[in-house]
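Chains, contacts and geometry: an overview
The primary structure of each chain is shown beneath.
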Amino acid sequence: MAKKPRKPIAVDKLNPMLAQMELEQLVKEIAKHNKAYHGDDAPLISDADYDVLMRRNADIEAAFPQLKLANSPSDLVGYVPQEKFKKITHNIPMLSLGNAFNADDVQEFYTKIDRFLGLDGAVINLTAEPKIDGLSASLRYENGILVSGATRGDGQVGEDITENLKTISEIPHELKGDNIPDIVEVRGEVYMSHAEFAALNARQEDAGQKIFANPRNAAAGSLRQLDSRITASRNLHFFAYAWGEMSEFGFQTQMGMVEQFEAWGFTVNPLMKMFDNADELVAHYAQIEEQRPHLGYDIDGVVYKVNRLDLQERLGFVSRAPRWAIAHKFPAEKARTVINDIEIQVGRTGALTPVARLEPVSVGGVVVSNATLHNEDEIARKDVRIGDTVVIQRAGDVIPQIVEVVLEKRPADSVAYEFPRHCPICGSAADRELNAKTGKMDVIRRCEGGLICKAQVTERLRHFVSRNAFDFDGLGSKQVEQFYEWGIIKDAADIFDIEAHDGEKWDTVRKREGWGEQSVDKLFAAINDRREIGLDRFIFGLGIRHIGETTARMLARNYETMDVFLPAMQAASVPIGTDGELVNEAYADLMNMDGIGDIVALSLVQFFAEENNLKFLDKLLGAVTTIPLEKADDDSPVAGKVMVFTGSLEIMTRNEAKAKAESLGAKVTGSVSKKTDILVAGPGAGSKLKKAEELGIQVLTEQEWVDLANAK
Ligand code: IVH
């Protein structure tokens with residue numbers, strides 16, 4: 001959900017207290033976005049909005065240098081590497097670039113260099129080249145042979161992704177030519193083309209797999225595969241533009257070095273050129289911006305670099321970025337178009353979400369026909385109306401946003417948009433609830449139709465069959481929706497009844513495309529396979545609001561069996577007390593569970609208080625038996641211990657190790673602290689191992705842990 005744009009106080013109006021509060025808030029916010037972007041490959045905001053946050057942080061730090069925090073985002077480069085790959089330490093750190101947002105910033109960059117070098121206005125040549133929107137990688141060649149390849153990671157330590165990088169055809173396994181230094185480290189950008197991105201997402205969608213938000217995230221996801229055959233199938237590309245360690249160095253210029261990369265067999269960007277002053281740089285920037293939609297890959301700016309390497313050396317670095325280079329970023333891509341309609345979509349929990357249907361328009365080479373409107377308040381705040389001409393913005397992510405309404409173009413007969421008070425699918429009332437916690441009205445309006453609402457039912461069905469719920473082989477969201485459309489099922493419990501009705505209903509299905517005799521038999525087998533299912537999956541599959549996978553597992557672990565869980569939930573849902581307040585023992589027990597708050601508890605109570613839901617459960621439990629989670633073992637050697645796993649595990653996967661430890665009664669956490677009892681450290685363990693040793697915590701190798709786990 002997009003936040004309302006902050007209205008920042010001008011930096012020179014901030015007092016130290018406000019400045020400190022804001023810096024602390026920015027650290028947290030930026031860290032969250034770093035994790036989403038680099039760690040999860042799923043950004044929450046556009047790159048342009050991210051830059052705004054980074055810039056605000058830098059501006060406040062410049063005005064209040066004494067308040068700069070120890071963990072300031074200005075000093076961070078990228079994201080801390082994930083645990084599943086081995087680490088590679090960069091002998092020469094991989095740094096980042098400072099940003100320029102307009103011609104003045106570029107002029108200032110040039111002037112500063114001139115002043116720093118004291119060249120008295122003598123011409124300083126700079127190169128300009130596209131800033132590729134991908135991921136940087138460092139390739140190490142020893143005696144001309146590629147020996148390792150790493151991600152940037154935090155700039156000091158990256159992940160070893162050698163095998164994956166080797167699958168990229170533009171990365172030579174052996175350097176061409178003679179006189180190759182013994183050690184050569186070539187750095188550059190791995191990226192995915194627009195064509196490959198579209199093809200990949202189409203394949204992912206067909207297979208019911210994750211859809212990537214943009215080519216950069218797709219490239220990141222493709223590079224972080226443990227199976228390099230997957231990387232190979234993604235057709236990634238590589239441009240070489242920088243270097244790390246070199247055992248000999250005879251080069252004088254940036255341009256000369258890049259020409260050498262080409263001679264060694266790398267692809268270099270054809271748009272790199274050399275200029276004499278800031279005006280020329282900015283003119284080239286404008287040219288590249290014009291070509292941007294036709295390049296076939298994402299770029300997010302133009303990088304300028306001082307050409308002479310001796311001058312680069314003299315200029316050096318400031319914190320995380322070189323003084324001799326800067327990235328001139330493109331503004332978010334915008335376009336004007338007309339809103340043809342506002343449509344309301346209804347989700348599994350009944351949430352009404354407005355979507356603007358747009359007159360298709362090309363924004364930076366991508367045709368856009370929908371934009372999110374978020375919610376009712378957002379429409380009212382921007383006063384967005386059907387028929388309005390709007391400015392839309394696509395900035396690195398797939399779903400474009402509406403920036404503003406062009407009021408001069410508003411038709412004379414335009415009327416304010418009235419958000420429906422009834423569900424557009426089933427006609428039931430759609431209300432906004434009072435949020436128990438904040439005391440404010442929820443921003444989301446919800447359809448109260450529950451099981452009679454077709455939209456909610458299909459969304460629930462899709463959830464029921466999803467990967468972490470019932471996960472039937474061959475019965476994905478597409479198929480379950482078809483069955484509903486064809487009248488074969490009305491709710492999820494009916495899935496288990498289909499075979500019994502073979503004949504009447506299935507005769508028609510067998511005649512439909514994609515459902516031959518064999519696939520129907522396979523389907524029945526897959527369904528029967530799930531007549532026994534873990535209690536956690538069962539609870540998650542119900543699709544109760546706020547009950548995600550983790551909460552479902554906690555409930556399953558706490559209540560152990562359906563015979564305990566169901567009566568407890570029903571008991572908790574019976575209001576007692578004169579004012580109908582929910583105060584009873586079962587409710588108190590629920591609230592006492594570690595990790596359950598009032599939002600989750602209320603949601604459970606509401607679900608189990610609803611007659612229709614109980615009927616549905618009754619029907620489902622007639623067909624399905626739930627299995628308790630493996631009971632935690634109270635007298636195992638790790639019972640009650642707090643454990644952390646680090647480094648790469650070779651005998652079992654991290655998930656297996658975690659599940660095993662939990663089943664033996666241990667609590668597994670992600671970081672080492674005084675509370676940690678045991679650290680299991682595989683090869684490549686780094687800071688966590690160091691910390692555990694400092695704290696005197698018991699450290700086990702993976703083999704020792706396996707022996708301990710199997711001891712009983
Ligand atoms: S030069 C010492 N050139 O941008 C600076 N970086 O924001 C070395 N990038 O980490 C980087 N295209 O991932 C350079 N033509 C280019 C680039 C480029 C994309 C990325 C790179 C870098 C990031 C900095």
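Note that this is a predicted model, so its numbers are computed, not measured. Once a new chain begins, its residue numbering starts again from 1 and follows that chain's sequence as written. Reporting in this predicted model follows two pLDDT cut-offs: at least 70 for local features of residues, and 80 or more for side-chain atom pairs to be given and counted; totals over whole chains, interfaces and linings ignore these cut-offs and use all residues. Where side-chain values are given, they derive from all heavy atoms of the structure, hydrogens and water being excluded.

Right, let's get into the overall build of the protein. Helical segments are the DSSP runs of H or I of at least four residues, strand segments are the runs of E of at least two, and each set is numbered from the N terminus. Counting its secondary structure elements, the protein contains 24 helices and 26 strands. Radius of gyration: C-alpha atoms only; globule rule: 2.2 Å multiplied by the number of residues to the exponent 0.38. Computed over the C-alpha atoms, the radius of gyration of the protein is 29 Å, within 12% of the 27 Å expected from 2.2 N^0.38 for a compact globule of 712 residues. In terms of overall dimensions, the protein has a C-alpha envelope of 85 × 80 × 65 Å along the principal axes. The buried label goes to any residue with under 20% of its type's maximum accessible area, the exposed label to any with over 50%, and the partly exposed label to all in between, with areas taken from a 1.4 Å probe on protein chains only. Buried positions account for 47% of the 712 residues belonging to the protein. In this analysis, two residues are considered to be in contact whenever any of their non-hydrogen atoms come within 4.5 Å of each other. Sequence-distant contacts, at least 24 apart, represent 67% of the contacts inside the protein between residues at least 6 apart. Accessible surface is estimated by sampling points in the Shrake-Rupley manner with a 1.4 Å probe; for residues, cover comes only from the protein chains shown. As presented, the protein carries roughly 35,400 Å² of accessible surface, and 50% of it is formed by carbon and sulfur atoms. The charge count includes Lys and Arg as positive and Asp and Glu as negative, but it does not include His or the ends of the chains. Here the site of a charge means atom NZ of a Lys, CZ of an Arg, CG of an Asp or CD of a Glu. With 83 positive and 109 negative side-chain charges, the protein shows a separation of 2 Å between the mean positions of the two kinds.

Of all the seven residues making up strand β3 (residues 126-132), six are buried; the element is thus mostly covered by neighbouring parts of the structure. Summarising the sheet, β3 and strand β9 (residues 273-275) pair through three bridges and their orientation is antiparallel. Directly across from Thr127, in β9, lies its bridge partner Met274. Two strands pair under a simple rule: DSSP has to find at least two bridges between them. Taken together, the seven bridges between β3 and strand β10 (residues 299-306) define a ladder with antiparallel strand orientation. The residue bridging Leu126 from the neighbouring strand is Val306, located in β10.

Here the focus is the state of the cysteines. For the purposes of this analysis, a disulfide is any pair of cysteine sulfur atoms at a distance within 2.5 Å. In this structure the tally under the stated criterion is zero disulfides. Its sulfur unpaired, Cys423 is 3.7 Å from the next cysteine sulfur, which belongs to Cys447. Classification of Cys423 by relative accessible area gives buried; the value is 4%. Considering cysteine sulfurs only, Cys447 is the nearest to Cys426, which forms no disulfide, with 3.6 Å between them. Cys426 sits in the partly exposed class, given a relative accessible area of 24%.

Let us look at the pattern of salt bridges. Pairing between side chains of opposite charge can happen when the charged atoms of each approach one another. The rule for a salt bridge is simple: a side-chain nitrogen of Lys or Arg has to be within 4 Å of a carboxyl oxygen of Asp or Glu. As enumerated under the stated definition, the model contains 33 salt bridges in all. Asp442 is the partner of Arg545 in a salt bridge, and the nearest nitrogen-oxygen pair spans 3.8 Å. Here Asp442 lies in strand β20 (residues 441-447) and Arg545 lies in the loop between α16 (535-541) and α17 (549-559), a separation of 103 residues in the sequence. Taken together, the shared-partner salt bridges connect Arg140, Glu142, Glu185, Arg187 and Glu245 into one network.

All right, on to the site of the ligand then. We call a residue near a molecule or strand whenever a single non-hydrogen atom of that residue lies within 4 Å of it. Around the ligand sit 14 residues, and of these Glu129, Ile132, Arg152, Glu189 and Tyr241 come closest. Pairing of N or O atoms within 3.5 Å defines a polar contact, subject to two protein rules: one partner must be a possible hydrogen donor and the other a possible acceptor, and residues neighboring in sequence count only if both atoms are side-chain atoms. The side chain of Tyr241 places a nitrogen or oxygen atom 3.4 Å from a nitrogen atom of the ligand. Counting residues per element, the ones that place at least two in the shell around the ligand are β3 and β10. Looking at which element gives the most residues to the shell around the ligand, the answer is β3, with four residues. The residue inventory of the shell around the ligand, partitioned by class, reads seven nonpolar, two polar and five charged. Each residue receives one of three labels: charged for Asp, Glu, Lys and Arg, nonpolar for Ala, Val, Leu, Ile, Met, Phe, Trp, Tyr, Cys and Pro, and polar for the others, Gly being one of them.

Any two of the Phe, Tyr and Trp rings considered here, Trp counted by its six-membered ring, make a pair once their centres fall within 6.5 Å; the pair's planes then place it as stacked at under 30 degrees, edge-to-face at over 60, or tilted in between. One pass over the structure, following the stated rule, counts 24 aromatic pairs. Here the aromatic residues Tyr141, Phe238, Trp243, Phe249, Phe251, Phe261, Trp264 and Phe266 are joined through ring pairs into a cluster of three or more.

What follows deals with helix α19 (residues 585-592). Among the residues of α19, those classed as buried are Ala586, Tyr587 and Leu590. All buried residues of α19 project into a common sector of 100 degrees when viewed along the axis, lining one side. Facing away from the buried surface of α19 by more than 90 degrees, the exposed residues are Glu585 and Asn592. Tucked into the core, α19 has its buried residues touching α17, α18 (562-572) and α20 (598-609). Throughout, the arc means the angular range of directions from the helix axis out to the C-beta atoms.

Turning our attention to the sheet that holds strand β13 (residues 325-329). Taken in spatial order, the five strands of this open sheet run β2-β13-β10-β3-β9, and their pairing is mixed. A strand with exactly one partner marks an edge of an open sheet, and here the two such strands are β2 (99-100) and β9. Pairing analysis gives two bridges linking β2 to β13, with the strands arranged parallel. Residue Ala100 lies in a different strand from β13, and its bridge partner there is His328. Of the strands in this sheet, β3, β9, β10 and β13 are in contact with helix α9 (residues 278-291), which crosses β10 at around 155 degrees. Lines fitted to the C-alpha atoms define the axes, with helices restricted to the stretch that makes contact. Angles between their N-to-C directions range from 0 to 180 degrees.

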